[in-house]
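Structural characterization, general
Now for the letters of each chain:
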Amino acid sequence: MSVKVHFLLEDLLVEAPEGTPLQAIADAAGADITFGCRTGSCGTCRVRVAEGLGHCSEMGAEERDFLQGLDAPADQRLACQVTVHGDVAIDYLGL
Ligand code: FES
(Lines give C-alpha, C1' and ligand atoms only; values in the text may rest on other atoms or scores of the structure.)
Protein backbone atom coordinates (compact mmCIF):
# COMPACT_ATOMS: atom_id res chain seq x y z
CA MET A 1 0.00 0.00 0.00
CA SER A 2 1.28 3.46 -0.78
CA VAL A 3 0.98 6.71 1.10
CA LYS A 4 0.81 10.28 -0.17
CA VAL A 5 3.21 12.87 1.20
CA HIS A 6 2.51 16.52 0.52
CA PHE A 7 5.50 18.83 1.02
CA LEU A 8 3.75 22.12 1.58
CA LEU A 9 6.69 24.46 1.04
CA GLU A 10 7.06 23.41 -2.60
CA ASP A 11 3.48 22.12 -3.03
CA LEU A 12 5.04 18.79 -4.00
CA LEU A 13 2.86 15.68 -3.76
CA VAL A 14 4.60 12.29 -3.92
CA GLU A 15 3.71 8.67 -3.22
CA ALA A 16 5.81 6.11 -1.38
CA PRO A 17 5.38 2.63 0.08
CA GLU A 18 3.84 2.61 3.57
CA GLY A 19 6.55 2.54 6.23
CA THR A 20 9.13 4.47 4.21
CA PRO A 21 11.36 6.86 6.19
CA LEU A 22 10.31 10.47 5.61
CA GLN A 23 13.96 11.26 5.02
CA ALA A 24 14.10 8.87 2.06
CA ILE A 25 10.87 10.29 0.63
CA ALA A 26 12.15 13.85 0.97
CA ASP A 27 15.49 12.97 -0.62
CA ALA A 28 13.86 11.15 -3.55
CA ALA A 29 11.37 13.96 -4.12
CA GLY A 30 13.97 16.71 -3.89
CA ALA A 31 12.01 18.35 -1.09
CA ASP A 32 13.70 21.31 0.52
CA ILE A 33 14.44 19.80 3.94
CA THR A 34 17.97 20.18 5.26
CA PHE A 35 19.36 17.05 6.89
CA GLY A 36 22.44 17.27 9.06
CA CYS A 37 23.17 14.43 11.45
CA ARG A 38 20.34 12.14 10.28
CA THR A 39 20.37 10.63 13.77
CA GLY A 40 17.92 12.89 15.62
CA SER A 41 20.41 15.09 17.41
CA CYS A 42 20.88 18.32 15.40
CA GLY A 43 17.33 19.50 14.61
CA THR A 44 17.98 20.86 11.12
CA CYS A 45 15.27 18.55 9.74
CA ARG A 46 12.51 19.75 12.09
CA VAL A 47 9.10 19.75 10.41
CA ARG A 48 5.50 20.44 11.34
CA VAL A 49 3.14 17.62 10.44
CA ALA A 50 0.25 19.75 9.23
CA GLU A 51 -1.94 16.73 8.46
CA GLY A 52 -1.69 13.07 9.39
CA LEU A 53 0.30 13.26 12.62
CA GLY A 54 -1.24 9.93 13.60
CA HIS A 55 0.19 8.36 10.44
CA CYS A 56 3.75 8.96 11.64
CA SER A 57 5.81 6.43 13.59
CA GLU A 58 6.02 6.76 17.36
CA MET A 59 8.69 9.05 18.74
CA GLY A 60 11.82 7.50 20.13
CA ALA A 61 13.38 8.75 23.34
CA GLU A 62 16.12 10.76 21.62
CA GLU A 63 13.70 12.61 19.35
CA ARG A 64 11.32 13.27 22.23
CA ASP A 65 14.11 14.63 24.41
CA PHE A 66 15.37 16.88 21.63
CA LEU A 67 11.96 18.37 20.79
CA GLN A 68 11.01 18.79 24.44
CA GLY A 69 14.26 20.71 24.88
CA LEU A 70 12.98 23.17 22.25
CA ASP A 71 9.50 23.31 23.79
CA ALA A 72 8.25 22.20 20.40
CA PRO A 73 4.49 21.71 19.92
CA ALA A 74 3.21 18.14 19.60
CA ASP A 75 2.80 18.42 15.81
CA GLN A 76 6.53 18.88 15.28
CA ARG A 77 8.84 16.00 14.41
CA LEU A 78 12.37 15.38 13.25
CA ALA A 79 12.04 14.25 9.64
CA CYS A 80 15.07 11.97 9.93
CA GLN A 81 13.33 9.96 12.67
CA VAL A 82 9.87 9.47 11.14
CA THR A 83 8.51 6.63 9.05
CA VAL A 84 5.25 7.31 7.23
CA HIS A 85 2.27 4.96 7.57
CA GLY A 86 -0.51 7.01 5.98
CA ASP A 87 -1.07 10.26 4.11
CA VAL A 88 0.68 13.29 5.62
CA ALA A 89 1.30 16.96 4.86
CA ILE A 90 4.70 18.29 5.90
CA ASP A 91 5.80 21.86 6.54
CA TYR A 92 9.54 22.40 6.88
CA LEU A 93 10.66 24.48 9.86
CA GLY A 94 14.36 23.81 10.41
CA LEU A 95 15.98 24.85 13.63
S1 FES B 1 19.06 15.58 10.54
FE2 FES B 1 19.75 16.02 12.55
S3 FES B 1 17.97 15.77 13.73
FE4 FES B 1 17.33 15.16 11.76
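Everything numeric here is computed off the predicted structure, so don't read it as measured data.

1. Points about the sheet that holds strand S1 (residues 2-7)
- Strand order in the open sheet formed by 5 strands is S2-S1-S7-S4-S5, and the pairing between neighbours is mixed. In this open sheet, the two edge strands, each paired with only one partner strand, are strand S2 (12-17) and strand S5 (76-78). Each strand of the sheet is rotated relative to its neighbour by a mean of 35 degrees, with strand direction disregarded.
- Two strands pair when backbone bridges link them, and S1 and strand S7 (residues 88-92) are joined in this way by 3 bridges, in the parallel orientation. Directly across from Phe7, in S7, lies its bridge partner Ile90.
- Against the sheet, helix H1 (residues 22-29) touches S1 and S2, its axis set at about 130 degrees to S2.

2. Quick word on H1
- Looking only at H1, the buried set comprises Leu22, Ile25 and Ala26. The buried residues of H1 occupy one face: seen down the axis, they fall within an arc of 95 degrees. Seen from the buried face of H1, the exposed residues on the opposite side, beyond 90 degrees, are Asp27 and Ala28.
- Turning to H1, the residues buried within the fold contact S1, S2, strand S3 (20-21) and strand S6 (83-84).
- Phi turns positive one or two residues past the end of H1, at Gly30, with a value near 75 degrees.

Scoring rules and cut-offs
- Residues numbered from 1 in each chain as written.
- Predicted model: local features only at pLDDT ≥ 70, side-chain atom pairs only at ≥ 80, totals over all residues.
- Pairing = 2+ DSSP bridges.
- Helix = DSSP H or I, 4+ residues; strand = E, 2+ residues; numbered from the N terminus.
- Axes fitted to C-alpha atoms, helices over the stretch in contact; angles between N-to-C directions.
- Contact = placed C-beta atoms within 7 Å.
- Buried ≥ 20, exposed ≤ 12 C-beta atoms within 10 Å, placed from the backbone.
- Arc of directions from axis to C-beta.

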